[in-house]
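Understanding the architecture of this molecule
Residue strings, one per chain:
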Amino acid sequence: MSNSEQKSFYTFGKIQKHIISRRIWLAGLMTLYFILYYPVAVAMQITRSNQSGMMRSLSTEMLRNDRLSLISAWMGMRSSFLFVIVFLGILAGIQEFSYLFSSDKIDFYESQPLSRKARFGNLYLNGILLFSIPLIVNWGLAVLISIATNSLNAITLEELLYQLFRILLVFLASYSIGILSVMLTGNLIVAVLMSIFLEVFGWLGWYLTVALGSTFYITWAFVNSQAPRGFLLSTLYNTIYPSVYSSMGVMYARYPLMAYELKNMVSSTLPGDFCNIACAVLIGVCDLMLFSRRKMEAAGESVLFRPLRAVIKIIVSVYGGIITALLVLGIFGINNRVGIAAENQLSIYVYVFAGALFMCFLAAGVMQSIYDFNIRRFFGSVWSMLLSGALCLLILGFYHFDLSGYDRWVPSPEKTAYASLVVYDGFPWFNIPYEADSDIASDSPYDTGISPYSTSRGSMINSNDYAENNMRITDLKSLTAIASAGMENMTAAKQSGKTAVVTDAGTNEMAASGWNAKVIYKLKNGKTAARNIRIPYSVDPELMDKVTGQEEYIRSIFPVFLDDSLRNKINKEIQARQIDMSDPEQRTIILNRPGSFRGVTTASEPKLYFYNDADSVTAVCWFYTELSDALREDLLKMSFSDYTQEDALGNLNIEFDDYNGYYLNYEMPVYAGYEKTIKVLEENGIRLASVQEIPFESIVVRRWSETYEEKTYKDANEIRSILDACMQTNSGLWKTDSNWEKSLDVIGQPGEAYYETRSRYEFGDGCSLTLKTDLVPDFVKADFPKE
Amino acid sequence: MIEAVRLSKSFGDVKALNKITLEIADGQIFGLLGTNGAGKSTFLRLAAGILKQDEGTVCADGRPVYDNQLVKQEIFFIPNDYYFLPNSTPEDMCRYIADIYPRFDTYKSRQLLKFFNLNSDRKIAGFSKGMKKQLSLILGLSSGTRYLLCDETFDGLDPVARQAVKSLFAREMVDRDLTPVISSHNLREIEDICDHIGLLHEGGVLLSQDIEKMKLGLQKVQCVFASAEDRVKAFSGMDVMVSESRGKLDTMTIRGTREDTENYFRGIHTVFFEILPLTLEEIFISETEAVGYDVRKFIIE
């Protein structure tokens, strides 16, 4: 090292020593936090895990897995405490450069023979050292403790290292923002406010567009993939994005990540991390530039650069106005699903706009008072106050009148890669442990990849999420035609001035009827767009067949296509229990017939529940794999027209619980067109009697209206007529509002003979039947005339 | 030499310095005089490299000061309220300054602390205002810099301390070519310290002159003329700046050397003639009244 290099290093060291001596409290705070978070917390958790595991007599392997889980969840990428790092970063940034707020300190420091760049560099580096040294030391201690207690494997260590990198990144980015706040302001309080503003304004702005959209647009829809992956200035958003918007089930799971899961986590967090990198670099450069340009005489001023004052003032005021408008609309209960009746529109909008303008002006006045430290300057810079009000009204008007054409927008097929159609009314629901690549084995002897409390891993996925994320409809011409019809249906309802759609509250004022659905478009430019639509009942069946008959559609909505994990488990159980599949009595165990040797399933037994309005069969179905194969074949042959031309025979519910973390449950209607499925069920002793087969002794019809009405029919012919007018079940796909008669409750009372082979527990109060609207017998209509 | 050429600095709408040109030569004690708001502190901060000028230049030894590490090693700035590190003692401050200024003389600082009777291990927070000023001067004198800029540092020092500092300055000026620059709004406080005075007013330089030269160039004459014609001859032949008559006794401040004045008055009949010493105050009043400015506001009784 040359003399001058030695001298400057020596000076650097001395300066750092002096800076640290004046940052004792900051260094102490960071050190204390990291000591507690890393070695202390890790040691405590490991100790507790061992004690708890021993009390439960867990095996050594399970104990180790639990410790691995703890380390991964606490120190790894699923840690919930990154927001603390954001806070520490901003605190450090403001603290390091806080001397700029005091003219005495400025005189002292800036008169010293140190160049501005050198001063900036020394202070900047000091903050990084104060943070990174206690972090790395204590992180290292925690890792050593983990290794010493056999609580670490290669993948978890990799995860920890990557998270350490992310923590440093989050700190650097937040640190740059803290420094930026100081460079833009002249006193501590305003600097803190500025840092909050910088962190929040982008995120809040996006959130307000979502709120405005969901309030004003009738076809508003949001999917998580539409959420921005990161904001340049919002390190807080970048850290919490994965836990809020990620659809990865591992986020909250308690087991150590496997390699592919770690890879998925990294992919999920990468955009936010890139934003943080960009923030650290770009804002860091900006900090240096502003430090050079900042006038030393600015100590004590609120916001230094005049143009910035107006910009911030306008942003804060407009935000305030929009939030107020949304609050007022919320008070009136107005959102996109509940429109404003024409006669109320004027008065409500007067409240909305007046409230928005008032808050705009108030916020602008307060900002100006803060800028000038003078309440009398409330109305200073009136032009910015008026501009804020105008902008706020413009934005509200933009959304109210849908100037962007949101409710009319349908992408052109040429610009769309693929799409998905999720229908909510009457469609199968499921929650399935979705194991993507869980059978991938790691070569590492330490990577067992399972938690002590579960025999499997993976995320629980529900039907809507699965369809949204995995359906790939490529016949976009047909789909967009359906979507257009659905959107026109919605907008026509909105324009009618009545309540646009039926709300959960059950208002009768229905202006848009149809099947409630969501269309999600994946555009070729990488963006995702979604719309809530109401497919009209009058939609062209041929169009619907083209879409609903596609294999990619069917495979995405019926849970039986996702049951590989269940099939594997059942097959393993069959082998373990040595079940003779050639013996019908072993293959199927009916549970809900009187005289059955037991009424419930035990762990790891596949339970089948097949039912309609008047009959049900509950059984252990070891033949599930055969059933699943049959269902898959049958489903691929069906489409919209098939479902609208026939009613469901019943509902099939499959449930499996290994009492050790794996739980599966799905339900779907079964149709006569499922020939193979019905054949498999019948071959295995599962047969459902139709409603018409049940020997009812009487049928009670009730109507709950202003006056309660009831009539009991005991005449055999009348009973027969009523039964002939009944469906097997009121559930099913593509049902319309008019399929079944909702105003009448129909209860069939079977005779005692019925209960010799049926469960009184299930049908003791009678069978709740479903009358088809167009087949209600005349005598019933006469007995219950329309109100 | 510290040289400012057409130096301007504004703070918002307020023009603190308006194209001032000022030279502070080496080897003299420069007094910068002006009322509050004249621009003294601003000038010193520009000279110390704290502020950046809007226009013009300020150089020390021919090199611009602002953001110039090497030049700033030669300048030590003492503001009116010197900032001391929190919870520090004089010893701590000396150590800190020693780390910043490469020629800081630790031995000298200890000597000066003893000289001013300041306890080096006592917390500065417990010092009086005067003690703090003394300590800031000690740090400045020990820093080893060539220029020592003092912003109203002497205001508040007792006369004994002021004399002590003056003698220290003199010694430092001999030992290491120190050039102190002292600003004040009180002429009487610095008149016996400074060699050269610069007067700032409303951002401009009203005058900048060597005190000795000012004294040499102005004569205070008291005389009684023999006749009215002699009186007229005297007034017309000399550059009389200020005059006062009490009965037959005339007191005049005349611009010119003593020799010239004596020679001229030899040609005039006077009953009584005497050349009296001028105080700096009188010189100032004369000079500034001549440009139509009342400098009495600087003179605090």
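Presented here is an overview of the structure given in this document. Within any chain, residue numbers begin from 1 and follow the written order of that chain's sequence. Starting at A for chains and at 1 for ligands, labels are handed out in the order in which the entities are written. With the structure being a predicted model, the display of local features is reserved for residues of pLDDT at least 70 and the display and counting of side-chain atom pairs for 80 or more, all residues being used for whole-chain, interface and lining totals. By convention in this description, side-chain values take in all heavy atoms of the structure and omit both hydrogens and water.

Things to note about the overall build of chain B
Tallying secondary structure elements over chain B gives 11 helices and 14 strands in all. By principal-axis analysis of the C-alpha atoms, chain B measures approximately 75 × 45 × 30 Å. Put simply, chain B has 301 residues, and 53% of those count as buried. Whether two residues are in contact is decided by their heavy atoms: any pair within 4.5 Å suffices. Relative to all contacts within chain B whose residues are 6 or more apart in sequence, the contacts with residues 24 or more apart total 69%. Total accessible area on chain B stands at roughly 13400 Å², and carbon and sulfur atoms take up 49% of it. In chain B, which carries 37 positive and 44 negative side-chain charges, the distance between the mean positions of the two groups comes to 4 Å. What counts as a helix is a DSSP run of H or I of at least four residues, what counts as a strand is a run of E of at least two, and both are numbered from the N terminus. When a residue's accessible area, from a 1.4 Å probe over protein chains only, is under 20% of the maximum for its type it is buried; when over 50% it is exposed; and in between it is partly exposed. Values of accessible area rely on a 1.4 Å probe in the Shrake-Rupley scheme; residue burial ignores everything except the protein chains shown. Here the positive residues are Lys and Arg and the negative ones are Asp and Glu; neither His nor the chain ends is included. By convention, the charge on Lys lies at NZ, on Arg at CZ, on Asp at CG and on Glu at CD.

Thoughts on the packing of aromatic side chains
All names here are of chain A. Stacked, edge-to-face and tilted are the three classes for Phe, Tyr and Trp ring pairs, Trp counted by its six-membered ring, which pair at centre distances within 6.5 Å; planes under 30 degrees apart are stacked, over 60 edge-to-face, the rest tilted. Overall, the coordinates contain 54 aromatic pairs over all chains when judged by the stated rule. Seen in terms of ring centroids, Phe108 and Tyr109 are 5.0 Å apart; in terms of plane orientation they differ by 75°. Their pairing is edge-to-face. Side by side, Phe108 and Tyr109 carry an identical accessibility label, which is buried. Ring plane angle 20° and centroid distance 4.6 Å describe the contact between Tyr609 and Tyr611, whose orientation is recorded as stacked. Judged by relative accessible area, Tyr609 falls into the partly exposed class, the value being 23%. We count a charge as sitting over a ring when the NZ of a lysine or the CZ of an arginine lies within 6 Å of the ring centre and within 35 degrees of the ring normal. We note Arg531 situated over the ring of Tyr406; from NZ or CZ to the ring centre the distance is 3.4 Å. For the cation-ring pair, Lys742 lies above Trp740, with the distance from its terminal atom to the ring centre recorded as 4.9 Å.

Thoughts on the sheet that holds strand 13 (residues 726-727) of chain A
Across a sheet, paired strands are connected by hydrogen bonds in the backbone, their directions being either parallel or antiparallel. All names here are of chain A. With antiparallel pairing, the five strands of this open sheet are ordered in space as 12-11-14-15-13. Each end of this open sheet is capped by a strand with a single partner; those strands are strand 12 (708-713) and strand 13. Across six bridges, the pairing between strand 11 (residues 696-704) and strand 12 is antiparallel. Note that in strand 12 the partner of Val700 across the bridge is Thr712. The convention used is that axes are lines fitted to C-alpha atoms, helices contributing only their stretch in contact, and that angles between N-to-C directions extend from 0 to 180 degrees. Along the sheet, helix 23 (residues 716-724) contacts strand 11, strand 12, strand 13, strand 14 (745-750) and strand 15 (767-771); its crossing angle with strand 11, the most-contacted strand, is approximately 65°. Two strands are counted as paired when DSSP detects at least two bridges linking them.

Section: the environment of Val303 of chain A
Residues and elements named next belong to chain A. Here Val303 is to be found in the loop between helix 10 (259-293) and helix 11 (306-331). Taking the C-alpha atoms as reference points, Val303 and Phe101, 202 residues apart in sequence, are found 12 Å from one another. Non-local contacts of Val303, meaning those with residues more than four positions away in its chain, are made with Leu184, Thr185, Val190, Met194, Leu308, Arg309 and Tyr371.

With respect to the interface of chain B and chain A
Each partner contributes residues to the interface: chain B has 28 residues there, and chain A has 20 residues. Here the buried area means the combined drop in accessible surface, using a 1.4 Å probe, for two parts upon being joined, counting both sides. Summed over both sides, the interface between chain B and chain A buries roughly 2200 Å², with carbon and sulfur atoms accounting for 57% of that surface. When the buried area of chain B at its contact with chain A is split by residue, Tyr83, Tyr96 and Asp99 of chain B rank highest and sum to 29% of it. Note on definitions: salt bridges are taken to be side-chain nitrogens of Lys or Arg within 4 Å of carboxyl oxygens of Asp or Glu. The interface formed by chain B and chain A holds three salt bridges in total. Polar contact criterion, stated in full: a pair of N or O atoms within 3.5 Å, where within protein one must be able to donate a hydrogen and the other to accept it, and residues adjacent in sequence count only if both atoms are side-chain atoms. Our count for the contact surface shared by chain B and chain A stands at eight residue pairs in polar contact (both at pLDDT 80 or more). Top element by residues in the side of chain B that touches chain A is helix 3 (residues 90-100) of chain B. It accounts for six residues. Split into classes, the residues belonging to the side of chain B that touches chain A amount to 17 nonpolar, four polar and seven charged. Note on residue categories: nonpolar means Ala, Val, Leu, Ile, Met, Phe, Trp, Tyr, Cys or Pro, charged means Asp, Glu, Lys or Arg, and polar means any other residue, Gly included.

Focus on the packing of helix 3 of chain B against helix 4 (residues 106-115) of chain B
Residues and elements named next belong to chain B. With their axes 11 Å apart at the nearest point, helix 3 and helix 4 run at an angle of 155° to one another. Considering the angle they form, helix 3 stands roughly antiparallel to helix 4. At the point where helix 3 passes helix 4, the crossing takes the right-handed sense. Each of Pro90, Glu91, Cys94 and Ala98 in helix 3 lies in contact with helix 4, whose residues at this interface are Thr106, Ser109, Arg110 and Leu113. Orientation labels follow simple angle bins: below 35 degrees gives roughly parallel, above 145 gives roughly antiparallel, 65 to 115 gives roughly perpendicular, and whatever is left gives oblique. Left-handed describes a crossing in which the near helix is turned anticlockwise from the far one by less than a right angle; the clockwise case is right-handed.

Some details on unusual backbone geometry
All names here are of chain B. We note that Lys19 has phi near 50°; this positive angle belongs to a residue other than glycine. Within the secondary structure, Lys19 is located in strand 2 (residues 14-24). Its identity is not glycine, yet Asp177 carries a phi of approximately 60°, on the positive side. Residue classification places Asp177 among the partly exposed positions, given a relative accessible area of 35%.

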